[in-house]
Each structure stands twice: as C-alpha cells, then as structure tokens.
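Each chain, letter by letter, is given below.
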Protein chains: 2
Amino acid sequence: MKVIQIGLGPLGRKIARYISERSGIEMAGAADINPEFIGQDVGEICGTGPLGVTVKSTIMEAIESCDADCAILTTVSSLQIITPQILEVVGHGLPVVSTSEELLHPWKTEPELASRIDAAAKASNAGVLGTGINPGFLMDSLPLFLTAVCQRVDSVKVSRLQDASFRREPFQRKIGAGLALGEFEALVAEKKIRHVGLAESIHLIADSLGWELDQVEDIISPVIAESPVESNLIQVPAGGVAGVQQIGKGLVGNEEKITLVFRASIGETDPGDTIEIEGDPNIKSTIDQGVNGDIGTCAMTINAVKQVIRARPGLQTIADIPLVTHFS
Amino acid sequence: MKVIQIGLGPLGRKIARYISERSGIEMAGAADINPEFIGQDVGEICGTGPLGVTVKSTIMEAIESCDADCAILTTVSSLQIITPQILEVVGHGLPVVSTSEELLHPWKTEPELASRIDAAAKASNAGVLGTGINPGFLMDSLPLFLTAVCQRVDSVKVSRLQDASFRREPFQRKIGAGLALGEFEALVAEKKIRHVGLAESIHLIADSLGWELDQVEDIISPVIAESPVESNLIQVPAGGVAGVQQIGKGLVGNEEKITLVFRASIGETDPGDTIEIEGDPNIKSTIDQGVNGDIGTCAMTINAVKQVIRARPGLQTIADIPLVTHFS
C-alpha cells in the first residue's frame, strides 16, 4: 500500500517514521505548508535518512507526484478547516484516514460538513475515516466492541488516566501542566486547553448502540497537585496545575448512559484505561498502565489504512469498517 | 431484522429466549430435528411463552414459512456436518451466523469446505460467519483489535481461566469435572473432552497480522484438584479431575508467536480473561472475572446478525465485517 502523508507536524513526522519501519505499506508522497520542509526529502525531516519522497507545498502536487492508494491527513483537529483538504483528496479518488478528532463521528456535531464529505467521497468511490487512539479507540470503538458479548447494555463508563510525564512536550503543554490556576482557567475559557473528541466518542457509542441522547456534556477542570510533582520538562509546585480532567456525559433523560473520564496530569498515581459496562453481563476491562497515546495514535492511523482502502465509499466511522488490526 | 433459528439445543433455545427480549430483532422461523419440538411454538420450548413461531422439521420448511433476513445455525461444531446445512440456507439467499467453532476460520483447517461455502455464499449474495465468545471474541478478535494501536507486534498471549461452577451443566460435564484421571484420559483420547476452536483462533490471528505459521499445537491436560472442590452439580475429591487445561500455540520456526491458554475447572481460584501483546507498545488487558461464556456466546451471535446482513457476500471472518456491537 502506498500512502501520501499530508501534514508533517509532530504526529505526521512520527507516522512517516513508523511507515518507514513497516512492511506492507510505504510512503509515496508528502505535503506540508512549512517553507522549511518544502522541497526536502521527507525522511530527512523525520530523522530516518532519505526516503526518496520530496515534500510538496500543496495537496495537489503531492497527489500528482505519485500513484498512491490512500492519504493520511494530520493537519488540524477542526472539521471546518480540514473539510476542504478532505474534499480535495477524495476529489482525486483517494481514500483518507485522518487524525482530526472532529472527523470521528461528525454526524451530530457538524451534520452539514459530514454530509458534504460523505457525498463527495461516495461520488469519488473513496472511503473517509477519522481515527486515532482517542478518539477512535480507547474511549469509543474498544468499549463498543466489548458490548458485542452483551445481551443488554445499561451504561458505558470509560476512564483514561494518564501520567503525562511520558508524553511528548506539546501534549504536556496542552494539558496546562505547570500553570497557575488563573492561567489554566483563562486558557480553558479560550478553548486552548481541552481534549477534543469526547463528544464525538459519545455520539459514536450512542449511535452504534441505538441510543437517542437528550444531552451531551463536556466539563473541564484542573488537576491540582497536592504535593510538588515534575516531569522531564515541567515542575509543578503544590497547589499548581498538574494537568486536566475532562468528563464527557451522554444522558437519556436524567440517566447518565455514557460517562467518559479523561485525565492527564504529571504525577498521575493510578494510570490506566478502564472500561465498565453495566448490563448482562457486567464487564470490567482494564489496560494496565494505559496505552501510550503518541505511539497508539500513529499506529492506529497506519493500521486503519488497510481497512479504509477496502471500505465502502463515503464517510465511515471506525465502527463501520472491518476490524482494524496491526498488519505486516 | 427477522431471523430463523436452526437448532434448538441449549444454545439455540437460549438464543431464541434472548431474541424475544431484544428490540430490533425478532424470531421469524425455527427448525430442529427433535420430534418433541416439531410442531411446537418455539416460545413454549424456550420458556418464554408463545412467540407465534412453529418449529419445523427441516431447514427448507422453516425458510419457506417466513420472510427472514438471516439464519442463526446452532446445530453442530463439525464443519463437515454443518456444511450441507449452510449450503442449504445460503442456497435460499439467506445470510448465516453460526456458532460452529470450526467455521470461525476454516481456510487453513478445512480449505476445501471453506472454498465451497465461500463460493456458494457469493453465488447467492449472502454472507456467512462463524462466531461466538470463544472462538470468535475473547481469544481472537478482541486481542486482534487491541493490536490496532500497535506499531509492532512480536507475540500475542491470551489466557481464559474460568470457574466452571457457574456454567451450564453440559459445560461442566464437557470439561471432565468429577472424573478420575484414567476416565479423563480415555475421553480425551476419544476427543470427547476438548475445547473446539483454539486452532481456528490461532489461524485467524496469524492471518490478520500477516504471520505465516510453521506449526500449530493444541495440547490438552487435566486440572487436578489439590483439595476437594464442588459446584452445584459435581463434587471433586482431592486428586480428582476438576476440569481441563488446553494450550494452543502458533509457532514461526521455534518462536512461539501465539499462545492461547484455555482453562475451565471447578474451583478455579483466579478466573479472568487476560491478553498480553508484546510489541510497541506492550499491552496487558484484563477482564476481571472473565466474561460468562453462555451469555457471551448467545449475545455475540445475535449481535453479529446486524453486521452479517450488511457484510460482503461470501465466507467472512469476524475480522472481515464491520465492528460487532450490542444494538437496540
């Protein structure tokens, strides 16, 4: 499988590096708007050594430079901004896998954009998928798959508690670690501190299970350090902000049917990914220490390429396509 | 969705009962060869009260008695014996979901039968799937889905340790609980004590990950009670057989790439379903207490109907179809 990598930020560069280490998939083209990258070999930018693929400045140039089977799009989270990019790629008949969190399940949050992408993808006979580890796996499709062995599901609760010390620097900054409380609150108000995707995960779960939600909530609060904590990059004094906690809820009437607890902080003492399904039977599943998000998002994106190429045309969700697995 | 239930043994009756409790799916027809069942209302046999569906003596009669979307086939494990039944159902253009363990992934174990089923299903534009909780979920598709967030997979190990005290009577008998060692060994030699499906799970995992196995092993041994244990039905003295342990291995050269440990015994002290993936990242996932197999198999079968109806024609595996989830 030959892919075009569009967007060479930290995520795109890691994906390019990962693809260079894999068999069964290879990089055929690349594009980014960063003037320092344009014209360079993508491998030089990613630290792999030359890969024989030159970074182009536009999506069109990258597509015309090679004969690819799929494009990986890691430019922005915002569906509004990424939609024209998706339309351009599928306009050339190429399937798309994107890490845009808002693309996971935009049917409820951005129905008009979802319909436009779906129509364009169908017209070009190409599949489009938004995925990653979260949203895309740990807090939506994995709990959904666990319900496959349930005769009844009353509620789904997922918690992802991460020690951010082991994540890349932009992630540590993004969760507000090291800030004073006032600074944190100002950035939350500006929407600069938030995990994007809880609402999309909730809608994907509800739609798949056949639940009509009356309300979706998404509440952000700081994690305050009780005693001083530090990572390789950031020191947090007692009383300072160690990270963020975000709770998403999907309600039917007053009943909390879906609860997603996302917490990422420096010094988190009990990291892990836990899924609790109440129903028949009850299921409690735990991933010890949780899955590293940086590795997981890049791997999930690459592994999804195989299934998106085989998928039906149109805007798909991770629950619509055949099981994504590692491949070699 | 309207389904025909073919086979009204303990599993088929439980599935029929479960369907009667669900929305979005209903029983439209039923067949069994048991003379005591033929002509009865399927609900009377299953203990639900009348469902308005009469048990027919043949598959053809059941199919002709209603307008169904799919058939659920819970007659036998043996692919050799179930193949003509599958061919008859798909011959009428109906998709099939079956709990036949050997149907999970018969491409390596029974390639000729697999090809015949696949060709017939494609000719009739119907999907065919073998599934259940094990094989079908806990020891194959669930670990496979966990590899979706892996950049590299070196090995997959799954263990399912069950306290058989909580399972239905035929299951407790099937694992040899309460037997003397000599009796157990004689029944193993006659293939009357064995969990069917480990080899199929191993082949499904290997195929999905792109591994070419050199050897598949399947080793059965007794679980000996160290002290007396008992269930509601069976008493096991110290030194007696409390159940069975079966270990499946998939090897590439001398390297154990896939290890499946299935243990079911009365008085199992550490029940649970554990998946360990070695790779990048390592993943260890545990389902506390494990999932009840009787509930899980029936639920998985019903939940799969929705996706098999949407699936591509032909013999599918659980990794080929869209994500199976509960639905309502």
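Keep in mind that what you see is a predicted model, and the values were worked out from it rather than measured.

**Observations concerning the overall build of chain A**
In terms of helices and strands, chain A carries 10 helices and 15 strands. Its C-alpha atoms give chain A a radius of gyration of 20 Å, near enough to 20 Å, the size a compact globule of 328 residues would have. By principal-axis analysis of the C-alpha atoms, chain A measures approximately 55 × 45 × 35 Å. Residues classed as buried in chain A amount to 55% of the 328 residues present. When contacts within chain A are restricted to residue pairs at least 6 apart in sequence, those whose partners lie at least 24 apart make up 72%.

**Considering the domain arrangement of chain A**
All names here are of chain A. Segmentation of chain A into domains returns domain 1 (2-132 + 295-316) and domain 2 (141-290). Between the C-alpha centres of domain 1 and domain 2 there is a distance of 26 Å. Contact residues are listed per partner, giving 8 residues for domain 1 and 10 residues for domain 2. In the side of domain 1 that touches domain 2, the residues fall into 2 nonpolar, 3 polar and 3 charged.

**Here's the deal with the relation of the copies chain B and chain A**
Structural alignment of chain B on chain A gives an RMSD of 0.0 Å, achieved by rotating through 180° and translating 0.0 Å along the axis. The superposition of one copy onto the other is thereby described by a two-fold rotation axis. Nearest to the rotation axis, the C-alpha of Pro 322 of chain B is located 2.2 Å from it, this being the minimum over chain B. Looking at the interface residues of chain B, 100% of them are also at the interface in chain A, so both copies use one shared face.

**Some points on the sheet that holds strand β7 (residues 152-163) of chain A**
If you trace the 12 strands from one edge of the open sheet to the other, you get β8(A)-β11(A)-β12(A)-β7(A)-β13(A)-β14(A)-β14(B)-β13(B)-β7(B)-β12(B)-β11(B)-β8(B), paired in mixed fashion. Sheet topology places β8 (215-224) of chain A together with β8 (215-224) of chain B at the edges, where each strand pairs with a single neighbour. Ignoring which end each strand starts from, the neighbouring axes of this sheet average 10° apart. Where strand β7 (residues 152-163) of chain B lies against strand β12 (residues 255-265) of chain B, 8 bridges are found, and the strand directions are parallel. The residue bridging Leu 161 of chain B from the neighbouring strand is Arg 263 of chain B, located in β12 of chain B.

**With respect to the interface of chain B and chain A**
With 43 residues of chain B at the interface, the matching set in chain A holds 43 residues. Within the residue set of the side of chain B that touches chain A, elements represented by two or more residues are α6 (141-146), α9 (198-209), β14 (283-288) and α10 (293-310) of chain B.

**Considering the packing of helix α4 (residues 79-91) of chain A against helix α5 (residues 111-123) of chain A**
Residue and element names in this part refer to chain A. Where α4 contacts α5, the axes come no closer than 9 Å and their chain directions differ by 10°. Overall, the two elements α4 and α5 adopt an arrangement that is roughly parallel. For the pair formed by α4 and α5, the contact residues are Leu 79, Gln 80, Thr 83, Ile 86, Leu 87, Val 90 and Gly 91 on the first element and Leu 113, Arg 116, Ile 117, Ala 120 and Ala 121 on the second. When grouped by side-chain class, the residues that make up the contact of α4 with α5 number 8 nonpolar, 3 polar and 1 charged.

**Quick notes on the sheet that holds strand β6 (residues 127-130) of chain B**
Residues and elements named next belong to chain B. In space, the 7 strands of this open sheet follow the order β3-β2-β1-β4-β5-β6-β15, with parallel pairing throughout. The two strands at the open ends of the sheet, each matched to only one other strand, are β3 (55-56) and β15 (314-316). Taken together, the 3 bridges between β6 and β15 define a ladder with parallel strand orientation. Its bridge partner lying in β15, Val 128 is registered against Leu 315. Contacting β6 and β15, helix α5 (residues 111-123) crosses the sheet at an angle of about 120° to β15.

**Quick word on the pairing of strand β2 (residues 26-31) of chain B**
Residues and elements named next belong to chain B. β2 sits mainly inside the fold: 5 of its 6 residues count as buried. Where strand β1 (residues 2-6) lies against β2, 5 bridges are found, and the strand directions are parallel. When the sheet's bridge partners are listed, Gln 5 is paired in β2 with Ala 30. Handedness of the crossover is the feature at issue here: the chain leaves β1, passes through helix α1 (residues 10-21), returns alongside β2, and the resulting connection is right-handed. Across 2 bridges, the pairing between β2 and β3 is parallel. Looking at β3, one finds that Ala 30 is bridged to Val 55.

**Regarding unusual backbone geometry**
Each neighbour pair has its own omega, and for Asn 134 of chain A with Pro 135 of chain A the value is 5°, a cis peptide bond. For Pro 135 of chain A, the position within the fold is in the loop between β6 (127-130) and α6 (141-146). Along the chain, Asp 280 of chain B connects to Pro 281 of chain B via a cis peptide bond; the corresponding omega equals 0°. Looking at where Pro 281 of chain B falls in the secondary structure, it is placed in the loop between β13 (272-280) and β14. Although it is not a glycine, Lys 191 of chain B adopts a positive phi angle of roughly 60°. Among the secondary structure elements, Lys 191 of chain B is positioned in the loop between α8 (181-189) and α9.

Definitions and cut-offs
Residues numbered from 1 in each chain as written. Chains lettered and ligands numbered in written order. Predicted model: local features only at pLDDT ≥ 70, side-chain atom pairs only at ≥ 80, totals over all residues. Helix = DSSP H or I, 4+ residues; strand = E, 2+ residues; numbered from the N terminus. Rg over C-alpha atoms; globule rule 2.2 N^0.38 Å. Buried ≥ 20, exposed ≤ 12 C-beta atoms within 10 Å, placed from the backbone. Contact = placed C-beta atoms within 7 Å. Domains from an automatic or database assignment. Nonpolar A, V, L, I, M, F, W, Y, C, P; charged D, E, K, R; others polar. Least-squares fit on C-alpha atoms with pLDDT ≥ 70 in both. Pairing = 2+ DSSP bridges. Axes fitted to C-alpha atoms, helices over the stretch in contact; angles between N-to-C directions. Parallel < 35°, antiparallel > 145°, perpendicular 65-115°, else oblique. Right-handed = clockwise from strand over helix to strand, strands pointing away.

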